[in-house]
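Take a look at the letters that make up each chain.
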Amino acid sequence: MDKHIKAPFDREEVKELKAGDYVYIDGIVYSARDAAHKRMYDSIIESGCADISGTELYEKGIVPIDLNGNVIYYLGPTPAKPGQVIGSAGPTTSSRMDKYTPLILSKGLCGMIGKGKRSPEVINAIVENKAVYLAAVGGAGALLSKCIKESEVIAYDDLGTEAIRKMRVENFPAIVVIDSEGNNLYDTAVKDLSLIHISEPTRRVVI
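Numbering of residues begins from 1 in every chain and follows the order in which that chain's sequence is written. Residues qualify for local features only when their pLDDT is at least 70, as the model is predicted, and side-chain atom pairs are given and counted only at 80 or more; totals for whole chains, interfaces and linings, by contrast, use all residues. Hydrogens are left out, water is left out, and the side-chain values use all remaining heavy atoms of the structure.

1. Considerations on unusual backbone geometry
Most peptide bonds take the trans form, and the phi angle of most residues other than glycine is negative. Threshold: By the criteria applied, helices consist of DSSP H or I runs no shorter than four residues and strands consist of E runs no shorter than two, each listed in order from the N terminus.
A cis amide bond, omega 0°, links alanine 7 with the succeeding residue proline 8. If you trace the backbone, proline 8 turns up in the loop between β1 (2-7) and α1 (11-14). Phi at asparagine 171 is positive, roughly 50°, even though this residue is not glycine. Among the structural elements, asparagine 171 can be located in strand β7 (residues 164-178).

Quick look at the structure:
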């Protein structure tokens, strides 16, 4: 079933998403890969404020974005060519972020976009925090970059391609892999890979 959803995500809407749903995302998402996740994770732990909310962490300057309700795309784009908003924007393997994700989710993160399986600890954290994990099309970075209409580095610019970017997306296609109840598409559809595909306005891409 195709659905449209705005980012930042509304947690009540997230609860309605089910593993296998095709979604189109409009709004603001943030890019962050493992180096940025590690820096945020370390900053939270070293601050001694691991028990406060994501909004409070942001207000205190401990993390560079308010994690509450927001969506992180596991992305390290290639350099943009002249006239482009962003370079190739394919997803990074999500397991790189698994060590840091339960803490980040506990601070209000509502959605994650990447590719590949997640650890049991991450799945438990998704359920506990009523979040959602979505997959983008691996190997379709050029296509996905066209859905990113604005992109601005807002933190950790010393990390280069792994800096945190604030991005405005339109009709960004993804598929719900792990929903807020812990249903996992990789478990239910792994025997028939033809069931795992991403919708576009004019076609479906099988991965």
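2. Examining helix α5 (residues 120-129)
Defined as follows: Summary of the burial criterion: residues with accessible area below 20% of their type's maximum are buried, those above 50% are exposed, and those between are partly exposed, where the area comes from a 1.4 Å probe applied to protein chains only. Regarding the arc, it is the one traced by the directions from the helix axis to the C-beta atoms. Throughout, a residue-residue contact means that at least one pair of heavy atoms, one from each residue, lies within 4.5 Å.
Turning to α5, its buried residues number three or more, namely Val122, Ile123, Ala125, Ile126 and Asn129. On an axial view of α5, the arc spanned by its buried residues comes to 160°, and they lie on one face. Counted as exposed and oriented over 90 degrees from the buried face of α5: Pro120, Glu121, Asn124 and Glu128. The secondary structure elements touched by the buried residues of α5 are α1, α4 (101-106), β4 (111-114), β5 (132-135) and β7. Backbone geometry just downstream of α5 places lysine 130 in the positive-phi region, at approximately 55°.

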